[in-house]
Amino acid sequence: MTSVLALGVGGSSAERVLRHVQHEGPLLSVNRASCLFRVNALSLVYLLFLLLLPWFPGPSRHSIRGHTGRLLRALLGFSLLFLAAHLTFQICLHTVPRLDQLLGPSCSTWDTITWDTISRHIGVTRLDLKDIPNAIRLVAPDLGILVVSSLCLGVCRRLTRTARCSQHIQEPDDDSEEADAGSLGELREAPELSPTRRSRLAARFRITVHWLLVAAGRTLAIMLLALAGIAHPSAFSSVYFLLFLAIGTWWACHFPISPLGFNTLCVMVSCFGTGHLICLYCYQTPLAQATLPPASIWARVFGLKDFVAPTNCSSPNVLVVNADHDWPVYVSPGILLLLCYTVTSLLKLRAHQPTDQRKEAAGDDDTREVELTEVDQWPQGQARVVAIKEEGAAQHTMPTPTTPDPEDNCIIHDLTGHSAAQQRTSCPRLAEPKATSPLHGLGHLIMDQSYVCALIAMMVWSITYHSWLTFVLLLWACLIWTVRSRHQLAMLCSPFILLYGLALCCLRYVWAMDLQPELPTALGPVSLRQLGLEHTRYPCLDLGAMLLCTLTFWLLLRQFVKEKLLRRARAPVALTEVTVAATEPTRTQMLLRSLGELVRGIYAKYWIYVCAGMFIVVSFAGRLVVYKIVYMLLFLLCLTLFQVYYSLWRKLLKAFWWLVVAYTMLVLVAVYTFQFQDFPAYWRNLTGLTDEQLGDLGLEQFSVSELFSSILVPGFFLLACILQLHYFHRPFMRLTDPEHRPLPGACTPRWVPGQDAVSRTPLLQQEEEEEVRRDEGLGMASPHQAMQVPEASKWGLVAERLLDLATGFSDIVTRVQVLVRRLLELHIFKLVALYTVWVALKEVSVLNFLLVVLWAFALPYPRFRPMASCLATVWTCIIIVCKMLYQLKVVNPHEYASNCTEPFPNSTNLQKTEIRQSLLYRGPVDPANWFGVRKGFPNLGYIQNHLQILLLLVFEAMVYRSQDYHRRRHQLAPLPAQAVCAEGTRQQLDRDLPSCLKYYVNFFFYKFGLEVCFLAAVNVIGQRMNFMVILHGCWLVAILTRRRREAIAHLWPNYCLFLALFLLYQYLLCLGVPPRPVHWVSGANVYDNWAPWVCVQEGVYE
């Protein structure tokens, strides 16, 4: 409770908040309900009260006697008057016989308006006792307002009276408590906050909270201003839209705005929004809708929608809601009401700022103007000034030795000739070396890279909304990306980019209005739809996305103006001497810098994998066409060069990224322009190709959804490649340079337990030094500060323990990585060989036969493995390209496929079931299937096996090069062949159990590998049980007859050759001969000679 009182949140503030909630909450709810469920003049009065309510202060001891109390009493009087009018009218209606006839019928035209129509518009009408719900709906709002206003008025008066009484009672008690505290203060030392520290905390808390509320309210008001403008585009809403654009442009240009100007702007928005809401509400009456029909041009221009439809003659009191409008139309009035309340609350919040802040700001209003968003200097500077004032006031009561604050060690000599007022306003900002907060640093980082966000937004805008006008943005962004000094060019173009974006937003806003019959659809021979000028169902979503892109343009212009102002400030026009004591970066800045370098290193190392994945995505997204095959060809060339010639790959990598970027821009421009109306005819006349051939090239007109995906995927791929080229290429080249070795002193030392990760100093010593500096800065040693040293020591111990755990975990991860890399180095080629042979057996074809040949000889002969890997990489790339080319629509297998006539039973030895199951007689036979290509869908599923083989081959090269780089960096000698652990030697075998396990991991297959091979050969013989296993048995007998390992070693290469040749022979048996053309069969004898072999292989070929 003491801390709460010190922060300035006492019981009176809590009661004031409670009264505010009890006052405004029920009143707002009942007023809104009365306006929604009843549309007449009586509810219009309640709507006026609803809009006036936020302008009045909350209930307090003073305001309840002033305007707030008068507002509550007026609301109570009006509700009582309306109830009396209802009651009097119903009594007169049932007691005066001729009154019902005087009112006239309920159904009447507007040419002959009856008294009943006028009474229904006023709100005092005859009630139908047969329709009880509607009768209650017409009377209940007045009764609810009466009850709620009476309760609020009574509760507020009672709480005010209670607060006044408690204040009189607490005054003598406070005096006695202060006397008791003064007598006991010398006898004991309580561990409480000192008066200076307490006042500083209270002042800082008050001002910071108030500033946060003002900043949040200002941001919310600007967001609601944009939403009010785009929710339902109209002439009224265009005021909010244009005002939002003006505010954003004003902020981007670094133009200041005075508090008076901002308050005036808030008042204007609130008044206009109030009038807009009143117009919308009045338009719901039948008289207004008859005078200005909803389908008329003026109603559509000003956005007047009929939420309440006219009633029929049989039940005039029924509330008929029109549900034919889209959801943004219904949301728009709520946004307007929330906007009015937000700007009004912001005015009240700025008017009721803390006393200390008001005093400080009063002296600066004449000489300083603030910008729309002051995020850093305002709360910190004013809190410091107020704290110093309160500290001085506290020092009058408690004399202490004063020493200068290190933070104020700033000497400024201004020789520019400015006035004293200007020097007074500029001194606090220069004299306070404040530590930058992480959020502030993040904001500066975003602003520094604002041109990247703006260029990405330009491309996204042009891709999302396809038109000639947005095509300019795409070309503009591509041009800036390709220039070397793209940052400077983007900054110079920022005003023009912003003006062009604002022009596009305004044009799209005009066509977003409900003026489809009146707006033109063509401009001469050019359709306005191709310019992006069309009306969509939900224009608010399109305008919202455009405003988000425009926000990046504002950030870009703001950064441009900021850099320009900084360059002017650096000009030697004035001599200013500034001496600041603390200029070294703080621990937070060093930590953020280290974190930024870590994140940048991760991106530099792994962003190329994102680009590689995007290659696969852009190649297989949708139907396979020529430009996607070219993407895959470039990707395969890159991987092949990486596998075969690493040094050349490093030299050509930058040129490769430039080639990919240029090609992607060409693809984007071609696909983008082909979607326009006359471009297919231009391409047909220029190239002489048909529509089908152009579609195989990738030039075809898509639907809206297909167009978005067809342009979005290459667009994002272009962004990924540009980021790799401009930001991560150089760090990646440094990381992957095999000749790059860090200097012995340049290596970052490991964390030592008890040291900080950034400054490398003991944590306990750091904490103690910080405490000593803090005590010296305050100039006194209070009991509370003396108690903080053990607490800081505890935090230092916790940090040391966390660093110990982190160091241990890092060591474990490093050891696991070394072990995994070594295992992969030993066995990666076996994995590649097994997976390649498995894919070849899964897809038996001539193209896969070469892969089987390569790995059949590479496994037993290690010298052949590097060449086999390179050849397998090249051949796999050829297979992938052939498979992709075969998927084009130009390739039609039905044109060259042959149909085989089913033979007669007396001309063959085959059974009918065997003939029917044969691939020769099921349908047309495609000879390309025997070679390994066929029409497959989906494309990625058909090609993924060979793509995975290629990735495994590249991964094998990465493993070998990573191990070589690791050994060069740490100056390690290569381990013995097939050795996993360096410590697993014969000399350390008998040391302990882990050494024994390491030894057997290294040399298990060396000791027992021959016996394992014998067991595998016996297993093959037992599984096959045919004539061919006799050869295996002969080889096994020949090897077993030679007892010595040296003799077996001489014979073993020949046995491996036999196994390789036998594997190839078996694969050829599975492959068989190509499907026979029909003209091969010249007689029954020829067919019978081929049929047994073909039939057997056909069964396998299936």
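The structure we're discussing is the one just above.
Residues numbered from 1 in each chain as written. Predicted model: local features only at pLDDT ≥ 70, side-chain atom pairs only at ≥ 80, totals over all residues. Heavy atoms only, no water.

S.K.: How should I be thinking about the pattern of salt bridges in this particular structure?
M.R.: Think of it this way: side chains of opposite charge can pair up when their charged atoms draw near. Scanning the model with the defined rule gives 15 salt bridges in all. Across the salt bridge formed by D542 and R508, the nearest N and O atoms sit 3.3 Å from each other. Here the residue D542 occupies a position in helix α21 (residues 539-569), and R508 occupies one in helix α20 (residues 486-512), the gap between them amounting to 34 residues. For D542, a relative accessible area of 13% gives the class buried. Assessed through its relative accessible area of 9%, R508 is described here as buried. Of the charged contacts in the structure, one is a salt bridge between E825 and R967, with a shortest N-O distance of 2.9 Å. Taken together, the residues span a long stretch of sequence, with E825 in helix α30 (residues 788-842) and R967 in helix α36 (residues 939-970) at a distance of 142 residues. Judged on exposure class, the residue E825 and its partner R967 are both buried. A single salt-bridge network, built from bridges that share partners, covers R623, D696 and E700. (Salt bridge = Lys/Arg side-chain N within 4 Å of Asp/Glu carboxyl O. Helix = DSSP H or I, 4+ residues; strand = E, 2+ residues; numbered from the N terminus. Buried < 20%, exposed > 50% of the residue type's maximum accessible area, 1.4 Å probe, protein only.)

S.K.: What is the right way to look at the packing of aromatic side chains in this model?
M.R.: Taken as a whole and assessed by the stated rule, the structure comprises 45 aromatic pairs. Ring centres of W298 and F302 lie 6.2 Å apart, and the angle between their planes is 25°; this geometry places the pair in the stacked category. A residue is classified by how much of its surface remains accessible, and F302, at 29% relative accessible area, is partly exposed. Pairing W468 with F471 gives two aromatic rings, centres 5.8 Å apart and planes at 85°, and the pair type is edge-to-face. (Phe/Tyr/Trp six-rings, centres within 6.5 Å; stacked < 30°, edge-to-face > 60°.)

S.K.: Just checking my understanding: could you explain a nonpolar patch on the surface for this structure?
M.R.: A surface patch of nonpolar side chains, about 690 Å² in accessible area, is lined by L595, L598, V599, I602, Y603, Y606 and Y609. Relative to the helices and strands, I602 resides in helix α22 (residues 587-620). When its relative accessible area of 44% is taken as the criterion, I602 is described as partly exposed. (Patch = residues over 30% accessible without salt bridge, like charges linked within 9 Å, V, L, I, M, F, W, Y side chains within 5 Å. Areas by Shrake-Rupley, 256 points an atom, 1.4 Å probe, with all protein chains shown as cover.)

S.K.: What's the story with a positive patch on the surface in this structure? I'm lost.
M.R.: A cluster of basic residues, R70, R73, R157, R158 and R161, forms a positive patch at the surface. Mapped onto the positive patch, the elements with two or more residues apiece are α4 (67-95) and α7 (132-184). In terms of residue count, the dominant contributor to the positive patch is α7 (three residues). Here R161 is to be found in helix α7. (Lys, Arg positive; Asp, Glu negative; His and termini not counted. Charge placed at Lys NZ, Arg CZ, Asp CG, Glu CD.)

S.K.: What should I look at first to understand the packing of helix α9 (residues 235-252) against α21 in this one?
M.R.: Axes are the key here: two packed helices are described by the angle between their axes and the distance separating the axes. Interaxial distance between α9 and α21 falls to 8 Å at its minimum, and their mutual angle equals 30°. By the criterion of interaxial angle, the relationship of α9 to α21 is roughly parallel. Residues F241, F244, L245, G248, T249, W251 and A252 of α9 pack against L547, W554, L555, L557, R558 and V561 of α21. For the contact of α9 with α21, the class distribution of residues is ten nonpolar, two polar and one charged. (Axes fitted to C-alpha atoms, helices over the stretch in contact; angles between N-to-C directions. Parallel < 35°, antiparallel > 145°, perpendicular 65-115°, else oblique. Contact = heavy atoms within 4.5 Å. Nonpolar A, V, L, I, M, F, W, Y, C, P; charged D, E, K, R; others polar.)

S.K.: For this particular structure, what's the right way to read the environment of G501?
M.R.: Positionally, G501 belongs in helix α20. Contact partners of G501, with chain neighbours within four places excluded, come to W461 and F553.

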